Each structure stands twice: as C-alpha cells, then as structure tokens.
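Okay, here's what each chain looks like letter by letter:
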Amino acid sequence: LGGAGLLRGYRTDRFRDKLATTATLEYRWPIHQLITGELFVETAKVGRTYDALLGAGFADHWKVGYGGGLIIHTTDRIRVRVDIAYGEGLELYVTTDVLDAFRKREREL
C-alpha cells in the first residue's frame, strides 16, 4: 500500500504483507467542462492473516491519508490527475495512463 493508487499520503509500497484492505471516500465536483476537483480520505491496513485484518484489534493499525486534487479529463477518460495528500508527510502525485492511446487499438486495425 502507498503511492498514487492505494493509500495516498504514503510512499509507494510503504506497507506490505500477504493481505490488504482499503477504503476510499472521494467527493468530486465540476470546476470546468474538462476539470474536476476532488477531496478524499483513504484508510488501509495490511496483515498476514484474515484474523490480523478483521479479528481482535480490528480498529488498531489502520493508516489514514487525506487530501485533494484536480482531475483533467475528457468526457469519458481521465487524462491527468494531480493530488496532494497527507499521511506520514505531504506527498504530491501526478498520474496519467500512458497506455491509454493503445486501449482500442485492436478495434482500429
């Protein structure tokens, strides 16, 4: 866990174990036709067994990250995301899907 995809606010692969659980609450609102704002809170926990994740001490050891950002998009795809998140420290994430141009390639040939 950690990084731009799971548990923003922590370094990539900061938390590792056999099992992981995550939850994200995200609110988005339109700023412009192609720009959307977002606020988010994420929480996650890792463990070796299901009992470690969900059993005794269930509320212990959850990590929380929160922040906000901008999403630049077309009508059907996210092109670029810029997120600022706080967890262990302040983290900046700029993400895009570099393979997006090739998604419909087999249909275009």
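Residues numbered from 1 in each chain as written. Predicted model: local features only at pLDDT ≥ 70, side-chain atom pairs only at ≥ 80, totals over all residues. Heavy atoms only, no water.

1. Topic: the side chain of Arg81
When you line up the elements, Arg81 lands in strand β4 (residues 78-86). Using a relative accessible area of 16% as the deciding quantity, one classes Arg81 as buried. Polar contacts involving the side chain of Arg81 include one to the side chain of Glu26, which spans 3.4 Å. Once residues within four sequence positions are removed from consideration, Arg81 is found in contact with Arg8, Glu26, Arg28, Glu38, Leu70, Ile71, Tyr93, Val94 and Thr95. (Helix = DSSP H or I, 4+ residues; strand = E, 2+ residues; numbered from the N terminus. Buried < 20%, exposed > 50% of the residue type's maximum accessible area, 1.4 Å probe, protein only. Polar contact = N/O pair within 3.5 Å; in protein donor to acceptor, adjacent residues only side chain to side chain. Contact = heavy atoms within 4.5 Å.)

2. Things to note about the packing of aromatic side chains
Following the criterion strictly, the structure yields 3 aromatic pairs and no others. Centroid distance Tyr27 to Trp29: 5.9 Å. Interplanar angle 20°. Geometry classified as stacked. For Trp29, a relative accessible area of 31% translates into the label partly exposed. For the cation-ring pair, Arg8 lies above Phe40, with the distance from its terminal atom to the ring centre recorded as 3.6 Å. (Phe/Tyr/Trp six-rings, centres within 6.5 Å; stacked < 30°, edge-to-face > 60°. Lys NZ or Arg CZ within 6 Å of the ring centre and 35° of its normal.)

3. Concerning the pairing of strand β2 (residues 35-47)
Relative to β2, strand β1 (residues 19-32) is paired through 13 bridges, and the arrangement is antiparallel. Residue pairing for β2: Ala23 is matched across the bridge by Thr43. Hairpin connection between β1 and β2: a loop of 2 residues separates the two successive antiparallel strands. (Pairing = 2+ DSSP bridges.)

The values are spatial; any link to function lies outside them.
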